[in-house]
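One-letter residues, chain by chain:
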Amino acid sequence: MKIAKKFVPCLKILGILTIALIIISFLTSPVLAQPIQVPDINLQIGGEGDDPQNLSTVLQLIILITVLALAPAILVLLTCFTRIIVVLAFIRSSLATQQMPPNQVLIGLALFLTFFVMAPTWQQVNEHALQPYFEGEINQTEAYETAMEPMRTFMFEQTREKDLALFVRMAELDRPENYDDIPNYVLIPAFVISELKTAFQIGFIIFVPFLIIDIVVASALMSMGMMMLPPMMISLPFKVLLFVLVDGWNLVIQSLLLSF
């Protein structure tokens, strides 16, 4: 009997909770049964009696958003960014410093070097294409063609004829008489692989002195019988010291800028 009396309060609590849940379900059922009101969304540009100046501003905003969406591809494939970042990656690999300098530093340096190299070209694009288009002097097609002229000139100067011939042949185009006969979809991949070849050539030259240091250190350790000691641990300080003594960053950046 004592055990049964102990369970009486628990049973009362369970009964109260059950009644409360039933009441809440009845109260909330009409609310849940109501359909969700979705507000009407109306996206439109302009209307009746639009100001041409406002419409021009909207179009400029749309073009700006489109350019920003394509900015990574434009920056990587149509500029000198590819060559610069590959060479900087070769420097870090040849020094064997793992993540020093970090990726953020290398990419930031490559970006600002790209801005430095491409500044004259982008100034021509701004003066002859963007500003006249924003002022309404030329239409969108003329602005695109005018903007691509200095970009194409830069890419042709850095592209090898062998790479151009490869993509012209793969595209089954007639033999071009001049550069104007080569379309952009042929020029851009040829420019990219030319940049990669040039970057790997510079990277090989950078690797040679550090490779010699690794060979000398490995031979010295082997002659002393220290075969269990990793040569990288000994050669790393010497490579960093050599790179600092010859002012390596100055020489590499100077060589990169002169290569353009």
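Residues numbered from 1 in each chain as written. Predicted model: local features only at pLDDT ≥ 70, side-chain atom pairs only at ≥ 80, totals over all residues. Heavy atoms only, no water.

By the naming in an unreviewed UniProt entry, the chain goes by Flagellar biosynthetic protein FliP and is assigned to Candidatus Syntrophocurvum alkaliphilum. Quoted verbatim from the Sequence similarities (unreviewed entry) heading of the UniProt record, the comment on the chain is "Belongs to the FliP/MopC/SpaP family." As recorded by UniProt, the Function (unreviewed entry) comment attached to the chain reads in full: "Plays a role in the flagellum-specific transport system." (UniProt positions renumbered as here; feature names shortened; annotations may be inferred.)

A surface patch of nonpolar side chains, amounting to about 500 Å² of accessible area, comprises F204, I205, V208, I212 and V216. Looking at where F204 falls in the secondary structure, it is placed in helix α7 (residues 184-223). (Patch = residues over 30% accessible without salt bridge, like charges linked within 9 Å, V, L, I, M, F, W, Y side chains within 5 Å. Areas by Shrake-Rupley, 256 points an atom, 1.4 Å probe, with all protein chains shown as cover. Salt bridge = Lys/Arg side-chain N within 4 Å of Asp/Glu carboxyl O. Helix = DSSP H or I, 4+ residues; strand = E, 2+ residues; numbered from the N terminus.)

Centre-to-centre distance and the angle between the planes together describe a pair of aromatic rings. Under the definition given, this model contains seven aromatic pairs. Taken together, a centroid distance of 5.1 Å and an interplanar angle of 85 degrees make the contact between F90 and F200 edge-to-face. Taken together, the positions of F90 in helix α3 (residues 81-95) and F200 in helix α7 put the pair 110 residues apart, joining distant regions of the chain. Judged by relative accessible area, which is 48%, F200 ranks as partly exposed. One aromatic cluster is present, formed by F90, F200 and F207 through successive ring pairs. (Phe/Tyr/Trp six-rings, centres within 6.5 Å; stacked < 30°, edge-to-face > 60°. Buried < 20%, exposed > 50% of the residue type's maximum accessible area, 1.4 Å probe, protein only.)

It is worth spelling out helix α9 (residues 248-258) at this point. For α9, the complete set of buried residues consists of G248, V252, I253 and L256. Looking straight down α9, one finds that the buried residues subtend no more than 120 degrees of arc, so they occupy a single side. (Arc of directions from axis to C-beta.)

It is worth spelling out the pattern of salt bridges at this point. Following the criterion strictly, the structure yields two salt bridges and no others. With its nearest N and O atoms 2.5 Å apart, the salt bridge here joins E195 to R83. Taken as a pair, E195 in helix α7 and R83 in helix α3 lie far apart in primary sequence, 112 residues in all. Both residues of the pair, E195 and R83, belong to the buried class. Salt-bridge contacts for D163 lead to R160; the nearest nitrogen and oxygen are separated by 2.9 Å.

The next subject is the side chain of R152. Along the chain, R152 falls in helix α5 (residues 140-158). Separated by 2.6 Å, the side chains of R152 and N184 make a polar contact. When residues no more than four places from it in sequence are discounted, the contact partners of R152 are Y179, D180, I182, P183, N184 and L187. (Polar contact = N/O pair within 3.5 Å; in protein donor to acceptor, adjacent residues only side chain to side chain. Contact = heavy atoms within 4.5 Å.)

If you trace the backbone, N139 turns up in the loop between α4 (103-134) and α5. We classify N139 as partly exposed; its relative accessible area is 41%. Sequence separation between N139 and A129 is 10 residues, and the spatial gap between their C-alpha atoms is 9.7 Å.

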